[in-house]
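# Structure at a glance
The residues making up each chain are set out below.
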Amino acid sequence: MASTRHILIVNSRNVHQPVFVVGAPHSGADLIGRALKASPGFHVTIGQSSVLRTVYAFARRPSMHQGRPQAAAAVIRDAFAQGWQVSAHSCLECTRECRAAAGLPADAVGPCVEVRGLERFGDASPDLIYCAEALTYAFPDARIVQVIRDGRDVVASMLADPVVMSWFRPSFVNVDSEFPNPFFGIETEDDREIWPRLSPAGRCALRWRWSVRLAARLHHTLPAGQLKTIRYEDLMNKPDDALADLSRFTGTAVSAAQIRDEARTSRNRARARRAPGTALGAEDIAQLAKLAGEELRRLGYAS
């Protein structure tokens, strides 16, 4: 079903070609979001409460919106119409990460962007990837930036993140009531059957696997001018080239300072380790290869 073009006005601006940054947890999507947020004329939100409520409602209960694209699109547009508002109180409910990316002190009161000169909107909220298909229906002219990273490094980083791992608590896991379940990377009955026996690394691997499979599907359904895939490794090894490419895609001069700093730090960390995923044990590596080896090879990450 083709999407219908809607006009969304926020802060007296017509929202055109909004930019959404998506990727698996710890893929590097947050870096791109912070760089866009620091770019002139861009209002990029990161974890605005109205957006997060919608993201996690859709992610945790895909049955709510599957087969209802128009209703889902309306909910998405309403969430961003609220999240992108700029007022004296608009940043009070924003996350610490969003405020920090704007350069605001922790105790600052007021908006993170000036309405004067505001031209574009975007979002890089955590787990936004679970709304990627609904985003393209809600905003037919959207620009989607996908960030991918070696699954071994993604899984290692996820395991070290207590916020990410908290989603695996029994009180949150709903793999029996929601199927398929993109949030936990479960697409087949076989996935659901093996889930109880998987290690934490295996469960993280399923989440990464689903994100790269979604990336492949979006590549086949969206025009080339609407989708840009960036490898985290390219961003770290050749930040200027990657950011120049991103600037052309988004139509704005993307700020490079934070990315260059992160790239330097990443290169220093890389010198101290032997290979991707060395923080993982042998059993975790074996399970990752079994669950997502095909995706690792297809993306050129398998050694």
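Below, the structure is looked at part by part. (Residues numbered from 1 in each chain as written. Predicted model: local features only at pLDDT ≥ 70, side-chain atom pairs only at ≥ 80, totals over all residues. Heavy atoms only, no water.)

## Let's talk about unusual backbone geometry
Residue P180 is reached from F179 by a cis peptide bond, and omega for that bond is -5 degrees. Structurally, P180 can be placed in the loop between helix 7 (162–166) and helix 8 (189–194). Even without being glycine, D127 reaches a positive phi, approximately 65 degrees. Summarising the element assignment, D127 is placed in the loop between strand 5 (120–123) and helix 5 (132–138). (Helix = DSSP H or I, 4+ residues; strand = E, 2+ residues; numbered from the N terminus.)

## Quick look at the packing of aromatic side chains
All told, the structure shown has 17 aromatic pairs when counted by the stated rule. Aromatic pair F20 and F139: ring centres 5.5 Å apart, planes at 40 degrees, arrangement tilted. Pair noted here: F20 is in strand 3 (residues 19–22) and F139 is in the loop between helix 5 and strand 6 (143–148), with a separation of 119 residues, a long-range link. Take F20: its relative accessible area is 0%, and that puts it in the buried class. Residue class for F139 comes out buried when judged on its relative accessible area of 4%. Ring centres 5.1 Å apart and planes at 90 degrees place the aromatic pair F183 and F184 in the edge-to-face group. Just as F183 is buried, F184 falls in that class too. A cation sits over an aromatic face here: R192 above F179, 4.2 Å from the ring centre. (Phe/Tyr/Trp six-rings, centres within 6.5 Å; stacked < 30°, edge-to-face > 60°. Buried < 20%, exposed > 50% of the residue type's maximum accessible area, 1.4 Å probe, protein only. Lys NZ or Arg CZ within 6 Å of the ring centre and 35° of its normal.)

## Considerations on the pattern of salt bridges
A complete count under the given rule lists 12 salt bridges for this structure. Residue R34 pairs with D30 through a salt bridge whose shortest N-O separation is 3.3 Å. Of this pair, R34 and D30 both sit in helix 1 (residues 29–37), 4 residues apart, which is roughly one turn of the helix. For D30, a relative accessible area of 40% gives the class partly exposed. (Salt bridge = Lys/Arg side-chain N within 4 Å of Asp/Glu carboxyl O.)

## Remarks on empty space enclosed by the protein
In the structure shown here, the tally under the stated rule is 2 cavities of 30 Å³ or more. If you trace the largest cavity, you find 14 residues lining it, with G23, A24, V147, I148 and S211 closest to the centre. Counting residues per element, the ones that place at least two in the lining of the largest cavity are strand 6 and helix 9 (200–221). Per element, the largest residue contribution to the lining of the largest cavity is 4 residues, and it comes from helix 9. In terms of residue class, the lining of the largest cavity is made up of 9 nonpolar, 4 polar and 1 charged. (1 Å grid on protein atoms, 1.4 Å probe; cavity = no way out; pocket = protein on both sides within 12 Å on 5 of 7 lines; lining within 4 Å. Points joined across faces, edges and corners; volume = space filled by probe spheres on them. Nonpolar A, V, L, I, M, F, W, Y, C, P; charged D, E, K, R; others polar.)

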